[in-house]
Each structure stands twice: as structure tokens, then as C-alpha cells.
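Structural description and commentary
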Amino acid sequence: MAVDPRSKETRQRLESCWSLELNWKLFPEPLKKGCFQVGEALCIPPESVLAGLVIITSYTMSPAVVQVPGTEWSERALVWLSINMPTGSTKSALYHYLQSIICRVRKQCQNSLCNPLWLVGDATCEKMGDLMSSNGNRLLGLYDELSTFLSQLNLYRGKGLNLSHELALFLQLYNGNSWTRNTVTGDANFSMESTSLTVGGFSQPSVARALIEQPGSAEIGLAQRILWLFPQPAYSRFDTLKAVDHQFTNNLVKLLQNIWIPMNSKCKVPEPRIFTIKENSHTFVNYFDQIQEQLETLASMDDLISGMLSKSKGQVLRISAALHVLFHIKNGSIVTDDNDDDSDDVQSGTPVSTEISEHAVAAAINFVELCCQQTAFMAGRGYILEEVQIVNASMYLCYACTHAAM
């Protein structure tokens, strides 16, 4: 059987991605055990389960902001994440699992006066804005095929990006920017001072590769705004299949239920929850300085790699906030500082601190680094550190030649 050269090349790049592993030692045992158990039950790698939980946690804790003490840096805690696995790797099973959790949490958090939709579904860009404005300026785009979501918003057609007004608007939503729509007819008009759009889903590696390598994708910043994860499929045999651990799932539902910030009876937009990292966090400071050194070398040399590195600093803050919440999944008896302890919907338990732990930051760095390196492999690059060294060496050689000519 003849194999398409591009498909063969994609497979080779995938194998490079699969050679990398997440450091599970950085994650607490209850969360790690739950991810592995759900993954085994659904024939899904545990990294995919973790990524899916990060997506839905990021949404249920919105609107949220991560601040860096002692600076003016304030990062909107939004996550845009694509889980990329080949055909037959049961992506749909995980999609339906995540969707069922969101439906259960929404059912628990709904009230008779204000019960908007949480999921985007099949919607145009304008309709998405209308739905978001009715839901406290927040919305979740969770898709079995991420390319479908991009096509619905007129961002992606066929095999190429559509450089449209919708694409420019979509890129701005990454930072939680304001969004206003005023038409003469008054259809789907809205005005949002800030937005919280969480985007997550699944894709074929070949489609993900096309989006990453698409001319203009790196230059306009689309590829760098999305964290691309390429887990190695499990392909488990039938006799290994098990039922999902209902205790873990129930605990997760309770956790997400209690982290949700409801709208009041007037459907007023809730105030964002403010998270902070520790002041002078050694873990984050060291990572930040390391990235800055690499950017100093790569600036204007490779738009994809330099763009990923630049965005990775903020993505670590975003992912660390979601992981900080997930790290509290123990017995399901979780409340937040914002909840009313007298409410019938709130379980008693230890509040989730708004100061992100160093453990969560370290785990977020590991997760983001894994995504960035896998993206580099899928785009035909080598190890990022080696790419930096190559650029350094070529710049030094160029300087030496110029100096010798003088």
C-alpha cells in the first residue's frame, strides 16, 4: 500500500511528540489516580484526561484573573487548548465524558430566573457573542472536532485560514477584551466590557499540523494562542476496559459546582475572581527569566517558536490557576471563599485559596513546556533549546565574519 509522503512525515513527527512525557510526580495523587483511571476506562491517555479537565475547570472558574504581585501584570485565566490524536483513539469518548460533567454542573448551578446556555454549539460569531452576553460574558467552546468550531466562526475554510474580521475579533478574545455589536436592525446586539471565552476540543494531528503550519498562522498569532497537545494513543484491548470511577467524577462535579460564580437574580455579570501567584515566586521567576533569555536570541528569527515562548509565560499563569483548583480534588467537600456557607448547594470543606501554590505553578510549567515542544516537533522543528543554540552559533559566526572583514 502506497503511503502519502505527508502522512508518513506527520507520523514521524508524532513519534517525536510521543517520546516526551508529562512529569506526573508534580501532580497530587488523587488527581493523578483519577486521570489514569478515567483514561484506562475510556482507552484515553491520562494526559488527555488532564487536559480535558483543565479546559472545563478554566470555564467553570471564569471570570478569573491571575495577578503577579509587585507588578502590573494581570492575566485573564482563559485556556485555549487542542487535544490532537489520530483516528480510532476514542477522542469522542472523552468529549462526551467532559460534556456530561459540564451538563451535571450546569444542572446543579442553574436557577429559575437566570439559566443561560454554557456551550456554544452550532453558532456564528455574532450568535456566539449574543450567547456570551447572556451568560455573564463567558462561554465554553467544547468540540469533538475543533476545526468545526473554527469553520462556524468563519475562521477556517477548507484547508486554510480565512483572514476575516471574525478572525481579528477572535484573536482579541484571547485576552478577554471587550466586545460590542450594534446593528441598525437591533438583531443580536450586545455590549460586553470584558469577555471570558474558553476554547477546547479535539483534532486530528494532520489537521492540527495544517493549522500550525498554515502561512500567516504564526505571524498573526493564532497558532501560539492555542496550546497543542499530542498524547500517544492508548489503543487498549477489550479485556482492559472498566467503568469510570464514579467517586472521582462526583468529586469533580462538586468541585466545579462550588467554584462556579453564579449570576444574581438580575443576571448581573459577576465580578472576576482574583488569583495570585506567591510574591517573588522562585518557580515562576526562574521560568520567566529563562524564557526572556531565549527570546533575546530568537526574536524576529522564528515567528512560531518565539511567539510560543512569549505566550508561554502567560499560559503558565492561566494553566496554573486551573491546576490550583484541580489540586483540591480530594473528597469532593470543596467550597470557595466566595460561596455562602449557608447555601443548600454548598458542601462544607476546605476553601480553595486564591493564592496559587508553587506546586501548581511547577506543574503548569511542565504542561506548557510539553505542549510547546510537541508543537515545535509537529511544525518540523527540533528541540527548542537546540534551536536557540543553533541561532546563537549562527549569529556568533556572522559577527566573527563581519569583524574579520573589517
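This structure is a prediction, so every number in the text was calculated from the model and none was measured. (Residues numbered from 1 in each chain as written. Predicted model: local features only at pLDDT ≥ 70, side-chain atom pairs only at ≥ 80, totals over all residues. Heavy atoms only, no water.)

Okay, the overall build of the protein next. Along the protein, the regular secondary structure elements total 15 helices and 14 strands. Considering only intrachain contacts with a sequence separation of at least 6, the fraction spanning at least 24 residues in the protein is 76%. In the form shown here, the protein has an accessible surface area of approximately 18500 Å², with 51% of it arising from carbon and sulfur atoms. (Helix = DSSP H or I, 4+ residues; strand = E, 2+ residues; numbered from the N terminus. Contact = heavy atoms within 4.5 Å. Areas by Shrake-Rupley, 256 points an atom, 1.4 Å probe, with all protein chains shown as cover.)

The next subject is helix H13 (residues 303–326). Counted at 1.5 Å a residue, the expected span for H13 with its 24 residues is 34 Å, and the 33 Å between its end C-alpha atoms agrees. The buried fraction of H13 is high, at 21 of 24 residues. Its side-chain oxygen 3.1 Å from the backbone nitrogen of Leu304, Asp302 forms the N-cap of H13. (Expected span 1.5 Å × (residues − 1). Buried < 20%, exposed > 50% of the residue type's maximum accessible area, 1.4 Å probe, protein only. Polar contact = N/O pair within 3.5 Å; in protein donor to acceptor, adjacent residues only side chain to side chain.)

Time to look at the nonpolar core. Grouped together as the largest cluster of nonpolar side chains are 125 residues, with contacts concentrated most on Leu31, Leu53, Leu81, Phe170, Leu323 and Phe367. Ranked by residues supplied to this core, first place goes to helix H14 (residues 358–378) with 13 residues. If near-sequence neighbours (up to four positions away) are discounted, Phe170 is found in contact with Trp80, Phe149, Leu150, Leu153, Leu155, Leu197, Val199 and Leu222. (Core = buried A, V, L, I, M, F, W, Y, C linked by side-chain atoms within 4.5 Å.)

Below, the discussion takes up the packing of aromatic side chains. By the definition in use, this model includes eleven aromatic pairs. An angle of 65° between the planes, with centres 5.1 Å apart, marks the rings of Trp24 and Phe36 as edge-to-face. Here the residue Trp24 occupies a position in the loop between helix H1 (5–18) and helix H2 (29–42), and Phe36 occupies one in helix H2, the gap between them amounting to twelve residues. According to the relative accessible area criterion, Trp24 is buried, its value standing at 9%. Above the plane of the ring of Trp260 lies Arg138, whose end atom (NZ or CZ) is 3.8 Å from the centre. (Phe/Tyr/Trp six-rings, centres within 6.5 Å; stacked < 30°, edge-to-face > 60°. Lys NZ or Arg CZ within 6 Å of the ring centre and 35° of its normal.)

With that settled, consider the pairing of strand E4 (residues 138–143). With six of its six residues buried, E4 lies for the most part within the structure. A two-sided burial pattern is seen for E4, the buried positions comprising Arg138, Leu140 and Leu142 on one face and Leu139, Gly141 and Tyr143 on the other. Across six bridges, the pairing between E4 and strand E9 (residues 196–203) is parallel. Paired with Leu140 across the strands is Thr198, a residue of E9. (Pairing = 2+ DSSP bridges.)

Time to look at unusual backbone geometry. Of note, the amide linkage connecting Ser62 to Pro63 takes the cis form, showing an omega dihedral of -5°. By the secondary structure assignment, Pro63 is in the loop between helix H3 (46–60) and strand E1 (64–67). With a phi close to 50°, Tyr235 is a non-glycine residue in the positive phi region. Position of Tyr235 relative to the elements: it lies in the loop between strand E10 (227–229) and helix H11 (246–259).

Attention shifts here to the side chain of Ser82. The residue Ser82 is located in strand E3 (residues 80–84) in this model. For Ser82, a relative accessible area of 0% translates into the label buried. When neighbours within four sequence positions are excluded, Ser82 is seen to be in contact with Leu146, Gly201, Ser203, Ile226, Leu227, Trp228 and Leu229.

In this section: the pairing of strand E11 (residues 273–277). Because side chains alternate across E11, one face comprises the buried residues Arg273, Phe275 and Ile277, and the other comprises Ile274 and Thr276, none of which is buried. Relative to E11, E1 runs parallel, the two being bridged by four bridges. Bridging from a neighbouring strand, Ala64 pairs with Arg273 of E11. Strand direction decides the pairing type here: E11 and strand E14 (residues 355–356), joined by two bridges, are parallel. Bridge assignment links Thr276 to a residue of E14, and that residue is Glu355.

Remark: helix H4 (residues 91–109) packs on H11, axes separated minimally by 9 Å, with the N-to-C direction vectors making an angle of 50°. As the angle between them shows, H4 and H11 are arranged oblique. Of the two elements, H4 crosses H11, and the hand of that crossing is right-handed. On H11, the residues that touch Tyr97, Ile101, Arg104, Val105, Gln108 and Cys109 of H4 are Phe248, Thr249, Asn250, Leu252, Val253, Leu256 and Gln257. Along the lines of polarity and charge, the residues of the contact of H4 with H11 split into eight nonpolar, four polar and one charged. (Axes fitted to C-alpha atoms, helices over the stretch in contact; angles between N-to-C directions. Parallel < 35°, antiparallel > 145°, perpendicular 65-115°, else oblique. Left-handed = near helix turned anticlockwise from the far one by under 90°. Nonpolar A, V, L, I, M, F, W, Y, C, P; charged D, E, K, R; others polar.)

Read across the open sheet, the four strands follow the order E4-E9-E3-E10; overall the sheet is parallel. For this open sheet the edge positions go to E4 and E10, each flanked by a neighbour on one side alone. Within this sheet the neighbouring strands show an average axis-to-axis angle of 10°, counted without direction. Contacts from H3 reach E3, E4, E9 and E10 within the one sheet, and its direction differs from that of E3 by about 155°.

Glancing now at the confidence of the model for the protein. Predicted confidence across the protein gives a mean pLDDT of 85, with 84% of residues reaching 70 or more. Contacts for the low-pLDDT stretch residues 331–349, under 50 throughout, to residues beyond four places or in other chains number 43 contacts. (pLDDT = per-residue confidence, 0-100.)

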